[in-house]
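# Coordinate inspection notes
Here is what each chain is made of, one letter per residue.
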Amino acid sequence: MARKFTLVLLLGLLFTRALSAQTTFPVMTAFQDAILYAGPGDSHIQLRWLPAGVPVEARERNVIGNWLFVSTPDDGIRGWVPTGYLNANPDLHLSDIPINAEIPDGDPANVPALSVASLYATPIISPVSAAMLDVFARGQELGNRANVITKVGDSLTADPMYLTVISQEAVVLGPYDYLADTVSYYGESTALASVAAQIGMATYTVFDPMWADPALCNAGESPLECDYRRKLPSIAFIMFGPNDVLHNNAEEFAQNMRDIVEFTLERGIIPVLSTFSYSPENEYWWQSVDFNQAVIDVAAEYEVPLINLWAAARPLDNYGLETTDGTHMNRSGFTFLKYDSGHESWYGLSLRNLLSLKMLDDLRLALISDEPGD
Amino acid sequence: MYIMKRLGLILLLLTLAACGGAASGGDPADVVERYLTAKVAGDGDALRPLLCSPMEALFSREVNSFSTVEGARLENMDCTRQGDTDVVTCTGEIVATYGTETNRFPLSSYRVVQEDGEWKWCGESG
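Residues numbered from 1 in each chain as written. Chains lettered and ligands numbered in written order. Predicted model: local features only at pLDDT ≥ 70, side-chain atom pairs only at ≥ 80, totals over all residues. Heavy atoms only, no water.

### Some words on the overall build of chain A
Which entries qualify depends on this criterion: Helix and strand assignments come from DSSP, with helices taken as H or I runs of at least 4 residues and strands as E runs of at least 2, each series counted from the N terminus. When we talk radius of gyration, it's over C-alpha atoms, and the globule rule is simply 2.2 Å times the number of residues to the 0.38. Note on exposure labels: buried denotes an accessible area under 20% of the residue type's maximum, exposed denotes more than 50%, and partly exposed covers the range between, all computed with a 1.4 Å probe on protein chains only. By definition, residues are in contact when any of their heavy atoms lie within 4.5 Å. Charged residues are defined here as Lys and Arg on the positive side and Asp and Glu on the negative side; His and the ends of the chain fall outside this count. Every charge is mapped onto a representative atom, which is NZ of Lys, CZ of Arg, CG of Asp or CD of Glu.
Scanning chain A from terminus to terminus reveals 11 helices and 10 strands. Computed over its C-alpha atoms, the radius of gyration of chain A comes to 22 Å, within 12% of the 21 Å expected for a compact globule of 374 residues. Projected onto the principal axes, the alpha-carbon positions of chain A cover approximately 85 × 50 × 35 Å. Taking all 374 residues of chain A together, the buried fraction comes to 55%. Sequence-distant contacts in chain A: of pairs separated by 6 or more residues, those separated by 24 or more amount to 70%. The averaged location of the 46 negative side-chain charges in chain A is 8 Å from the averaged location of its 21 positive side-chain charges.

### Some details on the environment of Val 172 of chain A
Residue and element names in this part refer to chain A. Mapped onto the elements, Val 172 comes out in the loop between α4 (155–158) and α5 (180–186). Since its relative accessible area comes to 28%, Val 172 is described here as partly exposed. Along the chain, Val 172 and Phe 336 lie 164 residues apart, while their C-alpha atoms are 7.9 Å from each other. In contact with Val 172, not counting residues within four places along its chain, are Phe 336, Leu 337, Lys 338, Tyr 339 and Asp 340.

### Concerning the nonpolar core
Residue and element names in this part refer to chain A. Formally: In these notes, a set of buried Ala, Val, Leu, Ile, Met, Phe, Trp, Tyr and Cys residues joined through side-chain atoms within 4.5 Å is what counts as a nonpolar core.
The biggest cluster of nonpolar side chains holds 133 residues, and the ones touching the most others in it are Ile 235 and Leu 273. No other element matches the 10 residues that helix α11 (residues 348–368) contributes to this core. Every residue in contact with Leu 273, bar those within four places of it in the chain, is listed here: Ile 238, Met 257, Val 261, Val 295, Val 298, Ala 299, Val 304, Pro 305, Leu 306 and Ile 307.

### Section: the interface of chain A and chain B
Using the following cut-off: By buried area we mean how much accessible surface two parts lose on assembly, using a 1.4 Å probe and totalling the loss over both. Salt bridges are identified by distance alone: a Lys or Arg side-chain nitrogen within 4 Å of an Asp or Glu carboxyl oxygen. Residues are grouped as follows: nonpolar covers Ala, Val, Leu, Ile, Met, Phe, Trp, Tyr, Cys and Pro; charged covers Asp, Glu, Lys and Arg; every other residue, Gly included, is treated as polar.
Counting residues at the interface gives 19 residues for chain A and 22 residues for chain B. Here chain A and chain B share an interface that buries about 1700 Å² over both sides, 60% of which is from carbon and sulfur atoms. Residue Asp 208 of chain A pairs with Lys 39 of chain B through a salt bridge whose shortest N-O separation is 2.7 Å. A class-by-class count of the residues in the side of chain A that touches chain B yields 9 nonpolar, 8 polar and 2 charged.

### Structural notes on the packing of aromatic side chains
All names here are of chain A. As a reminder of what qualifies: Here a Phe, Tyr or Trp ring, Trp counted by its six-membered ring, pairs with any other such ring whose centre lies within 6.5 Å, and the pair is stacked when the planes are under 30 degrees apart, edge-to-face when over 60, and tilted otherwise. Ring-over charges, as used throughout, are those where CZ of Arg or NZ of Lys falls within 6 Å of the ring centre and within 35 degrees of the ring normal.
Evaluation of the coordinates by the stated rule reveals 18 aromatic pairs over all chains. Centroid distance Tyr 37 to Trp 67: 5.6 Å. Interplanar angle 75°. Geometry classified as edge-to-face. Of this pair, Tyr 37 sits in strand β2 (residues 34–37) while Trp 67 sits in strand β5 (residues 67–71); the two residues are 30 residues apart in sequence, bridging distant segments of the chain. Both rings, one in Phe 69 and one in Trp 80, keep their centres 5.7 Å apart while their planes meet at 55°; by these two values the pair is tilted. Taken together, the residues Phe 69 in strand β5 and Trp 80 in strand β6 (residues 78–82) connect sequence positions 11 residues apart. Residue classification places Phe 69 among the buried residues on the basis of a relative accessible area of 14%. The buried category is assigned to Trp 80, whose relative accessible area is 1%. Among the aromatic residues, those joined into a cluster by ring pairs are Tyr 120, Trp 285, Trp 286 and Trp 310. The side chain of Arg 352 reaches across the aromatic face of Tyr 162, ending 3.6 Å from its centre.

### Concerning the packing of helix α2 (residues 114–121) of chain A against helix α9 (residues 285–302) of chain A
Residues and elements named next belong to chain A. The line we're drawing: Axes, fitted as lines to C-alpha atoms, cover a helix only where it is in contact. Angles between the N-to-C directions of the axes lie from 0 to 180 degrees. In this scheme, roughly parallel covers angles under 35 degrees and roughly antiparallel covers those over 145, while 65 to 115 is roughly perpendicular and the rest are oblique. It is the rotation of the near helix from the far one that decides the hand of a crossing: anticlockwise by less than a right angle makes it left-handed, clockwise makes it right-handed.
Remark: α2 packs on α9, axes separated minimally by 10 Å, with the N-to-C direction vectors making an angle of 40°. As far as their axial angle goes, α9 and α2 are oblique. Here α2 and α9 pass one another in a crossing that is left-handed. Contacts between α2 and α9 involve Ser 115, Val 116, Ser 118 and Leu 119 from the first element and Trp 285, Trp 286, Val 289, Asn 292, Gln 293 and Ile 296 from the second. Taken together, the residues of the contact of α2 with α9 sort by class into 6 nonpolar, 4 polar and no charged.

### Points about unusual backbone geometry
Despite not being glycine, Leu 232 of chain A has its phi angle at roughly 45°, a positive value. Position of Leu 232 of chain A among the secondary structure elements: in the loop between α6 (223–231) and β8 (235–239). Here Asn 76 of chain B, not a glycine, exhibits a phi torsion of approximately 55°, which is positive. Relative to the helices and strands, Asn 76 of chain B resides in strand β1 (residues 70–81). Asn 76 of chain B sits in the exposed class, given a relative accessible area of 67%.

### Remarks on the pattern of salt bridges
All names here are of chain A. All chains considered together, the criterion is met by 17 salt bridges over all chains. The partner of Arg 59 in a salt bridge is Asp 75, with the nearest N and O atoms 2.7 Å apart. Of this pair, Arg 59 sits in strand β4 (residues 56–61) while Asp 75 sits in the loop between β5 and β6, and the two are 16 residues apart along the sequence. By relative accessible area, Arg 59 is classed as buried at 17%. With its nearest N and O atoms 3.4 Å apart, the salt bridge here joins Asp 361 to Arg 364. You can see Asp 361 and its partner Arg 364 sitting in helix α11, 3 residues apart, about one turn around the helix. With relative accessibility at 8%, the residue Arg 364 sits in the buried group. Salt bridges sharing common partners tie together Glu 57, Arg 59, Asp 75 and Arg 78.

Right, dumping it as structure tokens:
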């Protein structure tokens with residue numbers, strides 16, 4: 001009798017859990033007709049249209065959460081869509097949505113030009129290699145601060161709306177609730193301006209002492225050396241390319257990137273590299289493809305983290321770039337991070353911040369999850 | 001005739017003085033000023049002979065340093081050698097624009113060395 005009761009209780013519990021799991025998918029609608037893809041990226045096959053206003057369940061997400069696998073309850077309409085194409089639903093908490101990490105971010109088989117296939121094939125967020133755990137540990141011995149990050153690059157990176165904005169109290173994560181701990185862990189450190197991120201900077205000036213602020217840096221110190229000394233960061237977000245592509249060749253650019261990566265690793269700082277978005281209408285388009293490939297190759301060579309901003313920004317209007325200059329990433333107009341309105345699917349700067357936060361989240365979990373009190 | 005001889009003598013003395021200057025490598029402050037001018041202009045032909053041997057490997061960095069900004073120019077440059085030392089201190093700044101932003105790079109102190117009798121720029125003075 002007791003065994004029967006237990007069995008009924010168990011079945012009842014399983015049924016309740018199954019029902020609960022079945023009914024927890026948030027229901028959403030697209031605010032305009034949207035294309036559904038076979039995977040979380042615009043290089044995947046286009047399946048069909050999702051008509052505006054048709055309710056669909058958010059059943060899975062990519063690792064970042066900026067793409068959702070949606071389906072009507074009867075499975076009649078299914079496919080992947082950028083999260084920002086859907087009307088905001090306060091019940092959407094990406095931490096509750098199952099992650100589908102099996103489908104790659106891109107499908108190079110559908111890319112018409114072979115030269116960019118490799119760029120599409122590279123994951124948007126690379127895994128954190130075991131080598132970075134050693135780098136972090138060495139950095140801690142050298143006195144680097146675990147919760148301090150810095151940024152290195154040109155005007156796209158110097159922009160106070162990139163990462164620095166995390167230091168503000170008003171950060172609206174919306175559905176990206178899983179990033180909250182990371183924002184609070186690193187946020188404060190982003191308020192300190194970086195000497196190594198300046199307007200007009202390129203890979204060949206980051207080592208030029210003439211570009212170092214004499215009010216902050218020692219005589220003869222390069223901007224990179226000065227910034228690392230002042231901030232003692234554990235992670236450096238590094239992106240170059242838009243300036244270099246105008247005056248440099250891919251081989252020299254790759255060597256300069258290697259120099260920057262080696263300089264960073266020697267100081268126990270994890271360099272997070274990033275490809276850069278570029279428009280095919282720009283006259284330097286083909287050079288930019290080579291430069292971005294160089295970034296990917298250097299990241300692989302040193303097993304350092306890589307953000308493939310180039311691929312992630314392809315579905316955005318004008319590739320997430322300002323229409324006025326085609327170089328800088330366009331912005332939402334808000335002066336704080338705001339992810340409850342789908343900005344990451346429309347504005348380059350919002351997307352770049354999101355990808356950087358996701359990479360930081362992965363790094364934090366890999367590097368400090370075992371720290372006492374964490 | 002006498003005046004012509006005097007003029008010739010003066011010209012000869014001036015030429016010898018100039019040659020003497022060249023033999024001792026010229027004025028290090030002038031070398032630094034020429035280096036800064038060439039760097040800001042991105043003039044590789046003028047820049048290359050002013051770099052000391054260790055800096056030759058950084059030629060690309062030096063000649064491209066201000067290529068990403070527009071209208072880079074030197075303002076109020078004045079360089080002076082510090083006594084008989086290998087340090088030349090400059091005042092003034094490099095001013096450049098990037099879009100609507102203006103960048104200012106204050107000049108500082110630089111190290112000079114003599115190579116084959118010629119003064120060369122050899123980096124910032126730390």
